[in-house]
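# A closer look at the structure
Chain by chain, the residues run as shown.
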Amino acid sequence: MAQPRVVTIHYTLTNDQGEQLDSSRVEGREPLSYLEGAQNIIGGLESALNEKNAGDQVKVSVAPAEGYGEVNEELIQPVPRSAFEGVDTIEPGMQFQAQTPGGPQIVRVVEVSDETVTIDANHPLAGQTLHFDVEVVEAREATDEEQEHGHVH
């Protein structure tokens, strides 16, 4: 098996409508580095970048199953407004950290009524096909420490 690599990329992410969702190419942003095989980035993008090297340009569309998954309706739930004790203003789009049996979970507010707040614990990009325009800036062997820790140093 080949030595895992650290790959550094510049990317622009758009949705099906062509709207830019994220980019490392904006002023003040650094390129993104990830450790191959450590699940540091979504699987569909990592698969498309396997064996790519510095200077390679890649355009890839990642289906929800290879990205952030499909929308799970069970993760959209009404909760009593009293669960937001101490919060004066609750509006759609706000995010909160909820304590769940599986640990902390980020939830987004999708609807607010007098008695309930509907929250969504799906990833904001769940259910979307993601379009990446990527330039590989660098690819190098990962250090032993990076492999042990599962991320880039």
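Residues numbered from 1 in each chain as written. Predicted model: local features only at pLDDT ≥ 70, side-chain atom pairs only at ≥ 80, totals over all residues. Heavy atoms only, no water.

## What to know about the packing of aromatic side chains
We apply this condition: Pairing of aromatic rings covers Phe, Tyr and the six-membered ring of Trp, with a centre-to-centre limit of 6.5 Å; geometry is then stacked below 30 degrees between planes, edge-to-face above 60, and tilted otherwise. By the criteria applied, helices consist of DSSP H or I runs no shorter than four residues and strands consist of E runs no shorter than two, each listed in order from the N terminus. Only protein chains enter the accessibility calculation, which uses a 1.4 Å probe; a residue is then buried when its area is under 20% of its type maximum, exposed when over 50%, and partly exposed in between.
Going through the model one piece at a time under the given rule, you end up with 1 aromatic pair. Summarising the aromatic geometry, the rings of phenylalanine 84 and phenylalanine 96 are spaced 5.0 Å apart at their centres and angled 70 degrees between planes, so their arrangement reads as edge-to-face. With a gap of 12 residues between them, phenylalanine 84 in the loop between β5 (76–80) and β6 (95–100) and phenylalanine 96 in strand β6 connect regions that are remote in the sequence. Note on phenylalanine 84: relative accessible area 10%, which makes it buried.

## Description of the UniProt feature "domain: PPIase FKBP-type" (unreviewed entry) in the chain
Going by this rule: UniProt positions are given in the numbering used here, feature names are shortened, and annotations may be inferred rather than shown by experiment.
Annotation from UniProt places "domain: PPIase FKBP-type" (unreviewed entry) at residues 4–83. Secondary structure within residues 4–83 divides into 9% helix and 36% strand; the distance between the first and last C-alpha atoms comes to 45 Å.

## Here's the deal with the nonpolar core
Basically, it comes down to this: Put simply, a nonpolar core is a bunch of buried Ala, Val, Leu, Ile, Met, Phe, Trp, Tyr and Cys residues held in one set by side-chain atoms that sit within 4.5 Å of each other.
By size, the foremost hydrophobic cluster in this structure holds 17 residues, and its most contacted members are Ile9, Leu45, Leu49, Leu130, Phe132 and Val134. Among the elements of the structure, β1 (5–14), α1 (43–49), β4 (57–62) and β9 (130–141) are those that each provide at least two residues to this core. Counting residues in each nonpolar core, the second largest holds 9 residues, with Val79, Phe96, Val107 and Val109 among its members.

## Some words on the domain arrangement of the chain
Stated precisely, the cut-off is as follows: An automatic or database domain assignment is the source of the domain bounds shown.
Per the domain assignment, the segments making up the chain are domain 1 (5–68 + 126–149) and domain 2 (73–120). Measuring from the centre of the C-alpha atoms in domain 1 to the corresponding centre in domain 2 gives 31 Å.

## Remarks on the confidence of the model for the chain
Here is the rule we go by: pLDDT: the predictor's confidence for each residue, scored from 0 to 100.
Of all residues in the chain, 99% attain a pLDDT of 70 or more, and the chain-wide mean is 94. No element of the chain has a lower mean pLDDT than β6, at 90, and none a higher one than β4, at 98.

## Quick notes on the pairing of strand β2 (residues 20–23)
The cut-off we apply is this: Should DSSP find at least two bridges between two strands, the strands are regarded as paired.
Across 3 bridges, the pairing between β1 and β2 is antiparallel. Within the sheet, the bridge partner assigned to threonine 14 lies in β2 and is glutamine 20. Hairpin remark: β1 followed by β2, antiparallel, with 5 residues in the connecting loop; positive phi at glycine 18, about 85 degrees.

## Quick notes on the pattern of salt bridges
In plain terms, the rule: Any Lys or Arg side-chain nitrogen found within 4 Å of a carboxyl oxygen on Asp or Glu counts as a salt bridge.
Summed over the entire model, instances satisfying the criterion amount to 4 salt bridges. As a salt-bridge pair, arginine 29 and aspartate 22 come within 2.9 Å of each other at their nearest N and O atoms. With a relative accessible area of 37%, arginine 29 lands in the partly exposed category. Arginine 108 is the salt-bridge partner of aspartate 120, the closest N and O atoms lying 3.1 Å from each other. Of the two residues, aspartate 120 is situated in strand β8 (residues 116–120) and arginine 108 in strand β7 (residues 103–112); the sequence distance between them amounts to 12 residues. We note that aspartate 120, like arginine 108, is buried.

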